[in-house]
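The chain contents come next:
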Amino acid sequence: MRLLSLIALLCFLAIVAAGCGGDDNGDTGSSSSSDTSTTEQSSGGGGGGGAAQTLKLSADPSGALKFDKSSLTAKAGKVTIVLDNPSSLPHAVEIEGNGVEEESGTIGEGETTKVTATVKPGKYEYYCPVDGHKAAGMTGELTVN
């Protein structure tokens with residue numbers, strides 16, 4: 001009888017210990033500069049909600065107030081612009097137009113940031129919202145089909 005009670009207690013403790021585990025997915029919510037994908041597609045169709053896309057953008061490494069691309073193209077739905085900053089100046093990226101206004105955090109040299117927006121077909125502006133950068137020409141056009 002004593003052996004049976006000991007086995008039951010050990011089984012109970014094993015079940016409790018298995019239920020007390022932590023979150024193993026490793027997602028800390030931070031972005032990584034090692035992401036090399038340019039577009040991610042999810043299943044679904046039409047209606048402006050089918051595709052989730054990641055677009056790459058970089059600040060000029062010489063310090064000029066411009067992006068490496070003056071235009072980007074995406075499909076309607078969720079779009080993320082990932083900005084890499086090889087410049088010694090701080091930068092960020094903002095998407096604006098058609099009722100959308102989303103801004104990333106400002107980053108320094110060697111850092112990466114991202115902004116995500118749900119967009120419909122049309123034209124949007126992306127630009128660096130750091131003081132004076134947009135006025136100096138650090139802008140581009142996002143065309144959504």
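Throughout what follows, the structure given in this document is the object of discussion. Values in this document were obtained by computation on a predicted structure and should not be read as measured data.

Note that His91 resides in the loop between strand 3 (77–85) and strand 4 (94–97). Polar side-chain contacts of His91 include one of 3.2 Å to the side chain of His133.

Tallied over the entire structure, the rule returns 1 aromatic pair. Ring centres of Phe67 and Tyr126 lie 5.6 Å apart, and the angle between their planes is 50 degrees; on these two criteria the pair is classed as tilted. Taken as a pair, Phe67 in the loop between strand 1 (51–58) and strand 2 (71–74) and Tyr126 in strand 7 (residues 122–127) lie far apart in primary sequence, 59 residues in all. Here Phe67 matches Tyr126 in class, with each residue buried.

Counted according to the given criterion, the structure contains 3 salt bridges. For Asp68, the salt bridge identified is with Lys69, shortest N-O distance 3.6 Å. Looking at Lys69, the relative accessible area reads 30%, which means it is partly exposed. In this structure, Glu125 engages Lys134 in a salt bridge whose closest nitrogen and oxygen atoms are separated by 3.4 Å. With a relative accessible area of 28%, Glu125 lands in the partly exposed category.

The rules behind each value
- Residues numbered from 1 in each chain as written.
- Predicted model: local features only at pLDDT ≥ 70, side-chain atom pairs only at ≥ 80, totals over all residues.
- Heavy atoms only, no water.
- Helix = DSSP H or I, 4+ residues; strand = E, 2+ residues; numbered from the N terminus.
- Polar contact = N/O pair within 3.5 Å; in protein donor to acceptor, adjacent residues only side chain to side chain.
- Phe/Tyr/Trp six-rings, centres within 6.5 Å; stacked < 30°, edge-to-face > 60°.
- Buried < 20%, exposed > 50% of the residue type's maximum accessible area, 1.4 Å probe, protein only.
- Salt bridge = Lys/Arg side-chain N within 4 Å of Asp/Glu carboxyl O.

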